[in-house]
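Here is how the chains run, residue by residue.
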Amino acid sequence: MIKKKKVIDEIYIPDVGSQVELIDGKEYLITNDAMYTFFRRTKGEFSAFFLALKNEKRLLGCKCTKCGIVRVPPFLTHCPDCNFAPTEMIEVEQVGIMNSTPPITYFATSLFQHMAPYGRGRVIFKGADTAMSINLYTTTGILVPGIITKGTEVKLIFRDERIGEMTDVFCVPAVELAQEKINKNGLQESEIDWETPQEPLLPVASEEDSNQYRKALDEMKALIEDMNRNESARKAIAGWKRGIQVKTRGGQFAIMIDDGDIKLTESVVSSPDFIMVCDDIHTLLDGLAYRGAITDSVINKKIWISKNMEFNTIFKLDRMARFLVRSKKV
Ligand SMILES: [Zn+2]
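What counts and how
Throughout this document, residue positions are counted from 1 along each chain, in the order its sequence is written. pLDDT decides what is reported in this predicted model: residues at 70 or higher carry local features, side-chain atom pairs at 80 or more are listed and counted, and totals for whole chains, interfaces and linings draw on all residues regardless. Water and hydrogen atoms play no part in the side-chain values, which are based on all heavy atoms of the structure. Here a strand pair is declared whenever DSSP counts at least two bridges between the two strands. Numbering goes from the N terminus for both helices and strands, where a helix is a DSSP run of H or I of at least four residues and a strand is a run of E of at least two. Note on definitions: a residue-residue contact is assigned when non-hydrogen atoms from the two residues lie within 4.5 Å. To obtain each axis, a line is fitted to C-alpha atoms, and for helices this fit is confined to the stretch in contact; angles are then taken between N-to-C directions over 0 to 180 degrees. Coordinating donors are taken as N, O and S atoms within 2.8 Å of the metal, stretched to 3.2 Å for Na, K and Ca; because water is absent from the atoms, sites can appear incomplete. Every angle between 85 and 135 degrees makes a four-donor site tetrahedral, while opposite donors more than 155 degrees apart, with all other angles between 65 and 115, make a four-donor site square planar and a six-donor site octahedral; other sites are irregular. By convention in these notes, a salt bridge is any Lys or Arg side-chain nitrogen within 4 Å of a carboxyl oxygen on Asp or Glu. For every residue, the accessible area obtained with a 1.4 Å probe (protein chains only) is divided by the maximum for its type, and the residue is called buried under 20%, exposed over 50%, and partly exposed between those limits. Small angles under 35 degrees read as roughly parallel and large ones over 145 as roughly antiparallel, with 65 to 115 read as roughly perpendicular and the rest as oblique. The nonpolar class holds Ala, Val, Leu, Ile, Met, Phe, Trp, Tyr, Cys and Pro. Asp, Glu, Lys and Arg form the charged class, and all remaining residues, Gly among them, are polar. Pairs were defined over the aromatic rings of Phe, Tyr and Trp, the Trp ring being its six-membered one, requiring ring centres within 6.5 Å. Orientation was assigned from the angle between planes: stacked under 30 degrees, edge-to-face over 60, tilted for the rest.

Asks: I'd like to hear about the sheet that holds strand β5 (residues 78-79), residue by residue, with values.
Replies: Within a sheet, each strand pairs with its neighbour through backbone hydrogen bonds, oriented either parallel or antiparallel. Taken together, four strands build an open sheet; the order of strands is β4-β3-β6-β5 and the sheet is antiparallel. The two strands at the open ends of the sheet, each matched to only one other strand, are β4 (70-71) and β5. Both strand β3 (residues 59-64) and strand β6 (residues 85-92) contribute to a ladder of six bridges, which runs antiparallel. The residue bridging Gly61 from the neighbouring strand is Ile90, located in β6. Its contacts with the sheet place helix α1 (residues 47-56) against β3 and β6, and it is angled at close to 150° to β3.

Asks: Can you tell me about the coordination of the zinc ion, naming the residues and giving the values?
Replies: Every protein donor of the zinc ion is listed here as Cys64 (SG), Cys67 (SG), Cys79 (SG) and Cys82 (SG), and their distances to the metal cover 2.3 to 2.4 Å. Geometry at the zinc ion is tetrahedral, judged from its four donor atoms and the angles of 102 to 120° they form at the metal.

Asks: Help me get a handle on the pattern of salt bridges, residues and values and all.
Replies: For the structure shown, the criterion picks out 20 salt bridges. Of the charged contacts, one joins Lys43 and Glu165 as a salt bridge, the two residues approaching to 3.1 Å between their closest N and O atoms. Pair noted here: Lys43 is in the loop between β2 (26-32) and α1 and Glu165 is in the loop between β11 (153-158) and β12 (169-173), with a separation of 122 residues, a long-range link. Note on Glu165: relative accessible area 23%, which makes it partly exposed. When the shortest N-O distance is used, the salt bridge between Glu266 and Arg214 registers 3.3 Å.

Asks: Before we move on, could you go through the packing of helix α3 (residues 207-229) against helix α7 (residues 311-329) and cite the residues and values that matter?
Replies: Direction vectors running N to C along α3 and α7 enclose 75°, while the axes themselves pass 10 Å from each other. In terms of orientation, α3 lies roughly perpendicular with respect to α7. Residues Leu223, Asp226 and Met227 of α3 lie in contact with α7, whose contacting residues are Met320, Ala321, Leu324 and Lys328. Residue classes in the contact of α3 with α7 are distributed as five nonpolar, no polar and two charged.

Asks: Break down the sheet that holds strand β14 (residues 252-258) for me, with residues and values.
Replies: The strand order across the open sheet formed by five strands is β15-β14-β13-β16-β17, and the pairing between neighbours is mixed. Bordering the open sheet on either side are β15 (261-265) and β17 (303-305), each of which pairs with just one other strand. The average angle at which neighbouring strand axes cross in this sheet is 20°, direction not considered. Bridge count for β14 against β15 is five bridges, and the pairing is antiparallel. Among the inter-strand pairings, Ile257 is bridged to a residue of β15, identified as Ile262. Relative to the sheet, helix α5 (residues 281-288) contacts β13 (241-247), β14, β16 (274-278) and β17, its axis offset from that of β16 by approximately 110°. Where α7 meets the sheet, it contacts β13, β14, β15, β16 and β17, and its direction lies at approximately 65° from that of β16.

Asks: Explain the packing of aromatic side chains to me, using residue names and the numbers behind them.
Replies: Aromatic rings in a pair are described by how distant their centres are and how their planes are angled relative to each other. The full count for this structure, using the stated rule, is eight aromatic pairs. Between the aromatic rings of Tyr137 and Phe170, the centroid separation amounts to 5.3 Å while the plane-to-plane angle is 85°, which identifies the pairing as edge-to-face. Note that Tyr137 is positioned in the loop between β10 (132-136) and β11 and Phe170 in strand β12, a separation of 33 residues in sequence. As far as the burial class goes, Tyr137 and Phe170 line up, both buried.

Structure follows, in structure tokens:
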């Protein structure tokens, strides 16, 4: 038998399995895994559904020719309840009701990280009898529990660039859109206003609030200067550039991140990348000092950010806090 030469030489292909490596007297388990591979697959009988999403911005379901049940997505060509009577493709409406309260994914695997934070829940679209799993977003800033719950009316939104996948579409609460947008079929993400979320209002500061603010701000300044001088902390924001306007009860300031540099300035930034509203400045101070994560404060609604996708930046601030504390321990 002739052994065919592989495209990738054997010596470059690691053994699948694990081994133990000893570092400073401690055992570490090392596992060889494959990251991913490429493959072709067909959407088969689902092709019409995905082509309708991609090319026509229409949502299709299948209707049983006997009992009339409408399933969305159209995952059956024959109805199991009616002795396998054939189903036919029909179009359903692009507004629906949440069938359940969606859990929110803040920390996704690398495959889905570019989409997080996102909600994932099931929607019954008007004209359908079954629920469809879909990603959920909000235009009101960071996606937190309570914005979308069971029973919330949602609107189907199409990505501007579509390839014929479930990720071509997502939903936002209908209440966030003008009626004409709700009525429009094939509404695209670029037709929605993502830039003017409603900022939470802050209570008026008392003299005590202002005093506390000044004290905390001085502490934060010192901490951020520490971060700026710390090599490990700087690594967490390498290649990252953001201007963050921070509003608290006692006053406002800005945190500027510029490829490893971080600084706190008391001036108002003319066009910040995003706005952070944090009633009590100590919530942010504690996070930067590594006394509780800032990401947790965002999820728990103690800190609000104006752009959902900037959760990523919050995550980097947490890493800076962690790196700074760790490097000081050594
Ligand atoms: Zn049927």
